[in-house]
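Each chain, letter by letter, is given below.
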Amino acid sequence: KTRVDVARLAAVVRDQPGRFIQTLRPSDFEVFDSGRMRPVSDFRQDVAGLSVALLFDISGSMEGQLAHAREAATTVLGLLDPARDEAAVYQFDTRLEEAVPFTTGLRQLPVSMSTVKPFGATSLFDAVARTAQRVTVHQERRHAVIVFTDGLDNASKLTASQVSGIASSIDVPVY
């Protein structure tokens, strides 16, 4: 059991066409915990940049999926604010490897990603945990890890629940 006096919540609010709504006040929100309404003790409009790690599964099971993963990652990179957000590219099978360190303005995957030949076993959980720890380097930013995988893990030392605990404890959402 744990006890928490303050919980940090992040909310993204969009209107019907999908535009961000940035004129909200604390009175526009209701927070419930175990059915009881809780007060909003601090309210900030976060305009901090984003540190996002793109994590590619390059194990053998991704042989037919890697092109789709690269295409999806290119779309994600295109959505980042090149002046404010930073991204890094990691790849893994049983080892985690940094293909591109965190940098702002990253709009394209490195050329090396187009020549990767999927091979080997998959340490998905281990790679997610290690990448989540690396993404927290810049404390003033929001953090996220986006994983491109078929979801099959056959070589990790960590379990899914252990990785979830690690990511939660350092406030890094994993997608």
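Residues numbered from 1 in each chain as written. Predicted model: local features only at pLDDT ≥ 70, side-chain atom pairs only at ≥ 80, totals over all residues. Heavy atoms only, no water.

**Brief notes about the sheet that holds strand β3 (residues 50–57)**
Right, so step 1: Taken in spatial order, the 4 strands make up an open sheet running β5-β4-β3-β6, and their pairing is mixed. For this open sheet the edge positions go to β5 (96–104) and β6 (142–148), each flanked by a neighbour on one side alone. For this sheet the average axis-to-axis angle between neighbouring strands, irrespective of direction, equals 15 degrees.
Right, so step 2: Where β3 and β6 come together, 7 bridges link them in parallel fashion. Note on β6: the bridge partner recorded for Leu50 is Arg142.
Right, so step 3: Together, β3, β4 (86–92) and β6 form the strand contacts of helix α1 (residues 66–79), whose direction differs from that of β3 by roughly 175 degrees. (Pairing = 2+ DSSP bridges. Helix = DSSP H or I, 4+ residues; strand = E, 2+ residues; numbered from the N terminus. Axes fitted to C-alpha atoms, helices over the stretch in contact; angles between N-to-C directions. Contact = heavy atoms within 4.5 Å.)

**Here's the deal with the packing of aromatic side chains**
Right, so step 1: Counted under the stated rule, the structure contains 3 aromatic pairs.
Right, so step 2: A ring pair is formed by Phe29 and Phe43, whose centres lie 5.6 Å apart and whose planes are at 50 degrees; its orientation type is tilted. Placement of the pair is Phe29 in the segment before β1 (31–33) and Phe43 in the loop between β2 (36–38) and β3, with a sequence separation of 14 residues.
Right, so step 3: Of the residues examined, Phe43 reaches a relative accessible area of 30% and is grouped as partly exposed. (Phe/Tyr/Trp six-rings, centres within 6.5 Å; stacked < 30°, edge-to-face > 60°. Buried < 20%, exposed > 50% of the residue type's maximum accessible area, 1.4 Å probe, protein only.)

**So, the nonpolar core**
Right, so step 1: By size, the foremost hydrophobic cluster in this structure holds 21 residues, and its most contacted members are Val52, Leu54, Phe56, Val89 and Leu109.
Right, so step 2: At the level of elements, β3, α1, β4 and β6 are the ones that each hand at least two residues to this core.
Right, so step 3: Once you skip the residues sitting within four places of it in the chain, Phe56 turns out to touch Leu66, Ala69, Arg70, Ala73, Val89, Tyr90, Gln91, Phe92, Leu109, Met113 and Phe148.
Right, so step 4: Within the second largest apolar cluster, 16 residues are counted, among which are Ala88, Val128, Ala129 and Val172. (Core = buried A, V, L, I, M, F, W, Y, C linked by side-chain atoms within 4.5 Å.)

**Some thoughts on the environment of Ala144**
Right, so step 1: Locating Ala144 in the fold gives a position in strand β6.
Right, so step 2: Residue classification places Ala144 among the buried residues on the basis of a relative accessible area of 7%.

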